[in-house]
Amino acid sequence: MIQIKNLTKNYNDYAAVKDISLDIKKGELCVMIGPSGCGKSTTLKVLNRLETPTEGSVFINGEDISNIDPVILRRGIGYVIQNVGLFPHMTASENIATVPQLLKWDKNKIGERVEYLLNLVGLEPFEYSKKYPAELSGGEAQRVGVARALAADPEVLLMDEPFGALDPITRSELQRSLVKIQSELKKTILFVTHDIDEAILLADMVVLMKDGEIVQSGSPTQMLEFPVNKFVRDFVGTDRALKRLSLTKVETFCKPAPYVSLNTDISNAVEMIDNGIYIWVVDENEKPCGWLDAYMDEPTGFVKDYCTIDSFENFTVSKKQSVKEALNKMIKSGVNQLVVVDGDERLLGEISIDDIIQKS
Amino acid sequence: MIVGLFMAPLLSLKPNRLMPGDPGYLIDIAPLNDILLVLSLLVLFLIFANLLSWNKHLKLFMCLILSAIFYKIITISGDVALVRSEADFLARTAFTTGFWLFVAGYIVVMMQAFATVIEKKYDIKLLIILLTIAPVGLLFFNGGVGEISIFKELMSKQDRFLLEFKNHLLISGSASFSAILIGIPLGIYSFRHQRLSERIFGLLNIVQTIPSIALFGFLIAPFAWLASKSDFLDSVGFSGIGFAPAITALILYGLLPIVRNTYAGISSIDPSVVESAKGMGMTSGQILIKIQLPVSMPLLMNGIRVSFVQCIGNTAVAALVGAGGFGLFIFQGLGQSAVDMVLLCAIPTILLAVFADTIMQFIIKLTSPKGMDYDTD
Ligand SMILES: Nc1ncnc2c1ncn2[C@@H]1O[C@H](COP(=O)(O)OP(=O)(O)O)[C@@H](O)[C@H]1O
Ligand SMILES: [Mg+2]
């Protein structure tokens, strides 16, 4: 979809970008990361011809962009920047409608599109469409910024540290929104950041840059598992083992676990515990609701009379959550294992801290 | 104001136009009824003025009382003048210290009332302005003051007065209009060519520091020379004195505020706004028309306001090079020591400037884009 071939950009004598080549596939979210001043923004701006390459060329959909009128090119590429740059004298709706208006879309079509986009980025159209940028919080403004970039349904989206100026809570909200939007729209996105956690969370492919050159590129897991040199190792941080766990799903480490139902006879349950020290307990829907300890004095009756069931959500993780989240929960709850559930909240198995340590 | 009314002579009773006259105090010249009326209105005003909270209705009422006093005083003076001129047709009755003191106080109080009105209550503001000028307006209709010197001056020169009024407006208007036409593009140009902008502003600043009389003078020689060299220029009435040098000087003066504010308005826009506009595929023309000019509109219009008001004042000086306008009377009056004649034109010039200023402020509010807090200064 996007091919950058031997791109070099000099400012006077200073080489901001040195002989970069990069392929971004259709529907892929590529995150470009690196210390400040390494040439990320410059590379991005070459793609919509806000900067002219000194050498090399860029192809979008196989077409050399230097043959496309820059104004036409830019109308087909969404552009989101850190300071948002909303037009202060226009409402949120008018801001979003900018490119469709430049493209002379039909008025009704623009109206529908704006409403759809406001919903998409999580802003209630009725409440937000008539608001001016000065009346929006930083997070809301950037949501409008993203909607504006998506307005004419461009195939390519360029985002230059779009969440860099937001507080951590708002930032992670917008990151989650972007993940959701991307899973729906499957745009080809080049996303610039200097935040490694953001890169790992969002990226299909990470490109790590330094001094105008690409140091390493690949999937986030590759980057964490096989850093090519000390610079990459340092950049991803000393906690890269933990970061990798944030990319791994709980289901990878999930193993089958014995369980009994609430209405099982207690003596059968004791047999099932066998030489273990506990057994999970599920309700009639196979939803985990507690556990049973092995050591009981001459128990009689049913499982439900003996099982521990208080605040059981602290002992449950979904198979789609990250192992890092599971670990976090174990530490918080002071246990060595959690019960794993599937999408319908039915018991799937368990995950234990020993397995995580041994297998990763 | 009260001092003006009672302690100082209200009118000057002159035997003829140019001779000094005897002082005429309000107490001496007015009939008892009128004195009592004015007094009671004043007392009423003072009582209200000392009430603690002024709401808008009370404020309007106070303005009304003052306005009535003002009207009464002018009519009293008109009557006195009428009686005196019937007795001796050479006699002149002119306003003097007391009257002007009163007017000064009157304007101060009215301005105070105007200034304390809440920002957006345009209707109240307008009412106060109307009340302020109503007494003068009323008199023009019932004409009871024709025998007071300043109005006699007006009557005897009514046609010239109107003509110079038109001239004044024409000169100021066309100079300001040209200054806008040149100033805005020049402001945009200086923004786009930062290096040249320093020189442009340097030049305009120098022009601004030349006293206006000197600038008008400077232009006479080159314009006369130009006219003598070109038959065409000569034939369209272009010469060293008159309209052409006056307009040119006024335009030169009017440029700085407009260029400066256009430049400042466009520069004050967050660069990321322009970057995103460009990144979305707006041409530089579209960025200018749809983004830069609308966003800088409040500052830009404020520049036009300053330029225009300043131009109205400078036009009075332009009479020196024979351009016409109120300045003509002012300088004539000064030459003849005819104070009434000077005032007759100085006051309308000031009023015109104040009026233009108010109108422009109103236009600024109207043209300021919504969604932006329009701090203009
Ligand atoms: N317009 C410019 N003129 C001169 N130097 C520039 C310009 N834009 C960027 N640079 C330089 O190029 C280098 C890369 O900049 P940039 O791509 O913005 O870095 P970042 O990775 O932080 O986005 C920096 O050293 C910067 O100083
Ligand atoms: Mg950058």
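Quantities reported herein were computed from a predicted structural model and do not represent experimental measurements.

Enquirer: Whenever I open this one, the overall build of chain A confuses me. Can you help?
Expert: Assigned secondary structure in chain A consists of 15 helices and 16 strands. Its C-alpha radius of gyration of 26 Å places chain A more than 25% over the 21 Å reference for a compact globule of 360 residues. Structurally, chain A occupies a C-alpha span of about 85 × 50 × 35 Å along its principal axes. Looking at chain A as a whole, 50% of its 360 residues are labelled buried. In chain A, 61% of the contacts between residues at least 6 apart in sequence involve partners at least 24 apart. Carbon and sulfur atoms form 48% of the exposed surface of chain A, whose accessible area is close to 17,500 Å².

Enquirer: What exactly am I supposed to notice about unusual backbone geometry here?
Expert: Trans is the common state for peptide bonds, and a negative phi is the common state for residues other than glycine. Residue and element names in this part refer to chain A. The phi dihedral of K186 falls on the positive side, at around 50 degrees, and the residue is not glycine. Among the structural elements, K186 can be located in the loop between α8 (168-185) and β8 (188-193). The phi angle at E286 is positive, at roughly 65 degrees, despite the residue not being glycine.

Enquirer: Can you walk me through the side chain of E161 of chain A in this structure?
Expert: All names here are of chain A. Counting through the fold element by element, E161 comes out in the loop between β7 (156-160) and α8. The buried charged residue E161 lacks any salt bridge, with K40 as its nearest oppositely charged partner at 4.3 Å. Here H194 takes part through its side chain, which lies 3.3 Å from a polar atom of the side chain of E161. Once you skip the residues sitting within four places of it in the chain, E161 turns out to touch K40, Q82, V192, T193 and H194.

Enquirer: Quick question: what am I supposed to make of the sheet that holds strand β9 (residues 205-210) of chain A here?
Expert: Backbone hydrogen bonds are what pair the strands of a sheet, in a parallel or an antiparallel way. Residue and element names in this part refer to chain A. Spatial ordering of the open sheet is given by β6-β7-β8-β3-β9-β10, a layout of six strands whose pairing is mixed. Each edge of the open sheet is held by one strand with a lone partner, namely β6 (77-81) and β10 (213-218). Looking at each pair of strands side by side, their axes are set apart by 15 degrees on average, direction ignored. Here β9 runs beside β10; their pairing, made up of five bridges, is antiparallel. Across the sheet, the residue bridging to L208 is Q216, located in β10.

Enquirer: Teacher, can you tell me more about the domain arrangement of chain A here?
Expert: It is common to report an interface's size as the accessible area lost on association of the parts. In terms of domain boundaries, chain A breaks down into domain 1 (2-240) and domain 2 (251-359). The C-alpha centroid of domain 2 of chain A is placed 43 Å from the C-alpha centroid of domain 1 of chain A.

Enquirer: What's the story with the site of ligand 1 in this structure? I'm lost.
Expert: All names here are of chain A. Taken together, Y11, Y14, A16, S36, G37, C38, G39, K40, S41 and T42 make up all the residues around ligand 1. One of the backbone N or O atoms of G37 is found 2.7 Å from an oxygen atom in ligand 1. Protein chains bury 60% of the 560 Å² of accessible surface belonging to ligand 1 in isolation. When contributions to the shell around ligand 1 are tallied by element, the ones reaching two or more residues are β2 (14-24) and α1 (40-47).

Enquirer: What is the right way to read the interface of chain B and chain A from this model?
Expert: On the chain A side, the residues contacting the 20 residues of chain B number 24 residues. Summed over both sides, the interface between chain B and chain A buries roughly 1,900 Å², with carbon and sulfur atoms accounting for 68% of that surface. Counting the surface chain B buries against chain A, the share from its top three residues, E275, G279 and M280 of chain B, is 30%. Between chain B and chain A we count zero salt bridges in total. Connecting chain B to chain A are six residue pairs in polar contact (both at pLDDT 80 or more). Here the element with the most residues in the side of chain B that touches chain A is helix α13 (residues 271-279) of chain B; it accounts for seven residues. Here the side of chain B that touches chain A is built from residues that sort into nine nonpolar, seven polar and four charged.

Enquirer: Got a minute to help me understand the pattern of salt bridges in this structure?
Expert: Here the idea is simple: oppositely charged side chains can pair when their charged atoms come close. Residue and element names in this part refer to chain A. Across all of its chains, the model carries eleven salt bridges over all chains by this definition. A salt bridge links D153 to R113, with the shortest nitrogen-to-oxygen separation between them at 3.8 Å. Remark: R113 occurs in helix α5 (residues 107-120) and D153 occurs in the loop between α7 (138-150) and β7; sequence separation between them is 40 residues. Classification of D153 by relative accessible area gives partly exposed; the value is 43%. A relative accessible area of 17% places R113 in the buried class. A salt bridge links D355 to K255; the nearest nitrogen and oxygen atoms lie 2.9 Å apart. Linking D355 in helix α15 (residues 353-359) with K255 in the loop between α12 (240-247) and β11 (259-261), this pair joins segments that are 100 residues apart in sequence. On the basis of relative accessible area, K255 is assigned to the partly exposed category, the value being 29%. What you see here is one network of salt bridges that share partners, running through R113, D153 and K187.

Enquirer: Would you take a moment to explain the sheet that holds strand β1 (residues 2-11) of chain A for this structure?
Expert: All names here are of chain A. If you trace the four strands from one edge of the open sheet to the other, you get β2-β1-β4-β5, paired in antiparallel fashion. Pairing within the sheet leaves two strands with one partner each, and these edge strands are β2 and β5 (63-64). Of the pairings in the sheet, the one linking strand β4 (residues 55-60) to β5 comprises two bridges and is antiparallel in character. Looking at the pairing, I60 lines up with E63 of β5. Most of the contacts of α1 go to β1, to which it runs at about 120 degrees, and overall it touches β1, β2 and β4.

Enquirer: It is not clear to me how the nonpolar core should be interpreted in this structure. Could you clarify?
Expert: Inside soluble globular proteins, nonpolar side chains tend to come together where they are buried. Residues I96, M159 and F191 of chain A are the most contacted members of the largest nonpolar core, which totals 45 residues. Of all the elements, α7 of chain A adds the most residues to this core, at six residues. What F191 of chain A contacts, discounting residues up to four positions off in sequence, is L29, C30, V31, M32, M159, P162, F163, L178, E198 and L202 of chain A. Counting 38 residues, the second largest nonpolar core, distinct from the first, contains A244, A246, I247 and Y263 of chain B.

Enquirer: Would you explain helix α14 (residues 284-318) of chain B in this entry?
Expert: Structural remark: α-helix, 3.6 residues per turn; residues separated by three or four positions point the same way. Taking 1.5 Å of rise per residue, 35 residues should cover 51 Å, yet α14 of chain B covers just 40 Å from first to last C-alpha, more than 12% shy of that figure. At M297 of chain B, α14 of chain B shows its maximal kink, close to 65 degrees; a proline, P298 of chain B, follows between one and four residues later.

Enquirer: Would you take a moment to explain the pairing of β6 of chain A for this structure?
Expert: Successive side chains on a regular strand alternate, one facing one side of the sheet and the next facing the other. All names here are of chain A. With five of its five residues buried, β6 lies for the most part within the structure. The pairing of β6 with β7 spans five bridges and is parallel. Paired with I77 across the bridge in β7 is V156.

Enquirer: Quick question: what am I supposed to make of a negative patch on the surface here?
Expert: The grouping of D106, E112, E115, E124 and E127 of chain A at the surface amounts to a negative patch. With a relative accessible area of 57%, E112 of chain A lands in the exposed category.

Enquirer: What is the right way to read the state of the cysteines from this model?
Expert: Note: disulfide means a covalent bond formed between the sulfur atoms of two cysteine side chains. One pass over the full model with this rule turns up zero disulfides over all chains. C254 of chain A takes part in no disulfide bond, and the closest cysteine sulfur to it belongs to C289 of chain A, at a distance of 18 Å.

Enquirer: So what exactly am I meant to see when it comes to the side chain of T315 of chain B here?
Expert: All names here are of chain B. By the element assignment, T315 lies in helix α14. Here S172 takes part through its side chain, which lies 3.0 Å from a polar atom of the side chain of T315. Every residue in contact with T315, bar those within four places of it in the chain, is listed here: H168, I171, S172, L250 and G324.

Enquirer: I keep staring at the packing of aromatic side chains and nothing clicks. Help me out?
Expert: Each pair of aromatic rings is reported with the distance of its centres and the angle of its planes. Following the criterion strictly, the structure yields seven aromatic pairs over all chains and no others. The interplanar angle of 65 degrees and the centroid separation of 5.1 Å between the aromatic rings of W291 of chain A and F315 of chain A together place this pair among those described as edge-to-face. Residue W291 of chain A is located in strand β13 (residues 288-293), and its partner F315 of chain A is located in the loop between β13 and β14 (316-318); the two are separated by 24 residues in the primary sequence. What makes W291 of chain A buried here is its relative accessible area of 19%. Measuring from ring centre to ring centre gives 6.4 Å for F191 of chain B and Y263 of chain B, while their planes differ by 65 degrees; the resulting arrangement is edge-to-face. On the criterion of sequence distance, the pair formed by F191 of chain B in helix α8 (residues 158-192) and Y263 of chain B in helix α12 (residues 243-267) is long-range, its members being 72 residues apart. A relative accessible area of 24% places F191 of chain B in the partly exposed class.

The rules we used
Residues numbered from 1 in each chain as written. Chains lettered and ligands numbered in written order. Predicted model: local features only at pLDDT ≥ 70, side-chain atom pairs only at ≥ 80, totals over all residues. Heavy atoms only, no water. Helix = DSSP H or I, 4+ residues; strand = E, 2+ residues; numbered from the N terminus. Rg over C-alpha atoms; globule rule 2.2 N^0.38 Å. Buried < 20%, exposed > 50% of the residue type's maximum accessible area, 1.4 Å probe, protein only. Contact = heavy atoms within 4.5 Å. Areas by Shrake-Rupley, 256 points an atom, 1.4 Å probe, with all protein chains shown as cover. Lys, Arg positive; Asp, Glu negative; His and termini not counted. Salt bridge = Lys/Arg side-chain N within 4 Å of Asp/Glu carboxyl O. Polar contact = N/O pair within 3.5 Å; in protein donor to acceptor, adjacent residues only side chain to side chain. Pairing = 2+ DSSP bridges. Axes fitted to C-alpha atoms, helices over the stretch in contact; angles between N-to-C directions. Domains from an automatic or database assignment. Near = heavy atom within 4 Å. Buried area = accessible area lost by both parts, 1.4 Å probe. Nonpolar A, V, L, I, M, F, W, Y, C, P; charged D, E, K, R; others polar. Core = buried A, V, L, I, M, F, W, Y, C linked by side-chain atoms within 4.5 Å. Expected span 1.5 Å × (residues − 1). Bend = angle between axes of the 7 residues up to and from the residue. Patch = residues over 30% accessible without salt bridge, like charges linked within 9 Å, V, L, I, M, F, W, Y side chains within 5 Å. Charge placed at Lys NZ, Arg CZ, Asp CG, Glu CD. Disulfide = S-S within 2.5 Å. Phe/Tyr/Trp six-rings, centres within 6.5 Å; stacked < 30°, edge-to-face > 60°.

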